[in-house]
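Okay, here's what each chain looks like letter by letter:
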Amino acid sequence: MKPAKSMIKIFLSAVFVLFFTTQVFAQSDTRIAPVVTVFPPIFSMNKSQFIFLTVSNGNASSSANIKTGDFYRFTFDNASGNRFTLKGKVYVNSKNLKSSDFSIVRNTKNQFTINYAGDVKPFAPGDSFGIKVSFRSPKEVGLGKITFQGTNDNVRYQEVLPSFTILSFVDYPTGPEGPAGTAGPQGVAGAKGDTGATGPQGPQGDTGAKGDTGAKGDQGAAGPQGLKGDTGAKGDTGAQGAKGLNWKGAWSADTGYVTD
């Protein structure tokens, strides 16, 4: 951006010096002093560009008129790019002149002529008119040139100043960045991508609510016999038994006995 700004400052300074010089030498000259300005004079290479070509009367003492048949011609050389196209009408800044007083002719693919076709009118000091041209800048860094020609009438006109100007084509941006454009429409969904790698294990989740009791399962098979348990505690004394026999005499295993 800094190189571009420096070039523009140099260009504007040169225009000021040229205009001031014209004023000094025009004090006793009432002719029209055509001063041509070109803006911008520097462009990024290999891009669609616009340029404004302007003609003004730089003689503050001028009182001469502009007449039908007067012309102003701009010619781009071959190093200045291609696809030169006129954009719009002749733009005019004047109390006397108007856009309809002029016509534009494209003489060749890189040459344009502004012709005056109106009534005889004063071309007052400071009045100006110009055209806007689009073109494609060259594909490489370099320099181009525009030459200027005007009506050949020494009685009413001084020479066109300057008779040419240089255009610069550079490999860096030459203007401020434009505003962001509006968002475009959503594109179509792309193809499904490959499955990604397994991610790390996440933290343990909260305990869930208790579920419903399940149905009773089938009885399982009998397990193996367990180990012998410890001797149990001594039981309570049992009830007194029935009265026993009152035996008298010797007992013989061979003898049968009955109770009485």
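Residues numbered from 1 in each chain as written. Predicted model: local features only at pLDDT ≥ 70, side-chain atom pairs only at ≥ 80, totals over all residues. Heavy atoms only, no water.

Participant: Run through the packing of aromatic side chains, naming residues and quoting values.
Facilitator: Overall, the coordinates contain 12 aromatic pairs when judged by the stated rule. Where Phe 76 meets Phe 135, the ring centres are 6.3 Å apart and the plane angle is 35°; that geometry is what we call tilted. One end of the pair, Phe 76, is in strand S5 (residues 71-76); the other, Phe 135, is in strand S10 (residues 128-136), with 59 residues separating them in the sequence. Here Phe 76 matches Phe 135 in class, with each residue buried. Ring plane angle 35° and centroid distance 5.5 Å describe the contact between Phe 123 and Phe 129, whose orientation is recorded as tilted. Summarising the burial analysis for this pair, Phe 123 and Phe 129 share the class buried. One aromatic cluster in this structure is built from Tyr 72, Phe 102, Tyr 116, Phe 123, Phe 129 and Tyr 157. When the ring centre of Phe 50 is taken as origin, the NZ or CZ atom of Lys 132, which lies over that ring, is 4.5 Å away. (Phe/Tyr/Trp six-rings, centres within 6.5 Å; stacked < 30°, edge-to-face > 60°. Helix = DSSP H or I, 4+ residues; strand = E, 2+ residues; numbered from the N terminus. Buried < 20%, exposed > 50% of the residue type's maximum accessible area, 1.4 Å probe, protein only. Lys NZ or Arg CZ within 6 Å of the ring centre and 35° of its normal.)

Participant: How would you explain the nonpolar core if you had to name every residue and give the values?
Facilitator: One finds Ile 51, Leu 53, Phe 74 and Ile 146 to be the most contacted residues of the largest nonpolar core, which totals 30 residues. Listing elements by their share of this core, those giving two or more residues are strand S1 (34-39), strand S3 (48-57), S5, strand S6 (82-93), strand S8 (111-116), S10, strand S11 (142-150) and strand S12 (164-170). Per element, the largest residue contribution to this core is 4 residues, and it comes from S10. Ignoring sequence-local partners within four residues, the contact set of Leu 53 consists of Thr 37, Val 38, Phe 74, Phe 76, Phe 129, Gly 130, Ile 131, Val 133 and Ile 146. (Core = buried A, V, L, I, M, F, W, Y, C linked by side-chain atoms within 4.5 Å. Contact = heavy atoms within 4.5 Å.)

Participant: Describe the side chain of Ser 56, listing the residues and the values that go with them.
Facilitator: Position of Ser 56 among the secondary structure elements: in strand S3. When its relative accessible area of 15% is taken as the criterion, Ser 56 is described as buried. Sequence-distant contacts of Ser 56, that is, excluding residues within four places in its chain, are made with Ala 33, Pro 34, Val 35, Phe 123, Asp 127 and Ser 128.

Participant: So what's going on with unusual backbone geometry? Residues and values would help.
Facilitator: In this structure, the amide linkage connecting Phe 39 to the following residue, Pro 40, adopts the cis form with an omega of -5°. With respect to the element layout, Pro 40 can be found in the loop between S1 and strand S2 (42-44). Look at the link from Leu 161 to Pro 162: it is a cis peptide, with omega at -10°. Examined against the element boundaries, Pro 162 turns out to sit in the loop between S11 and S12. A positive phi angle, close to 60°, is found at Arg 83, a residue other than glycine. Within the secondary structure, Arg 83 is located in strand S6. By relative accessible area, which is 64% here, Arg 83 ends up exposed.

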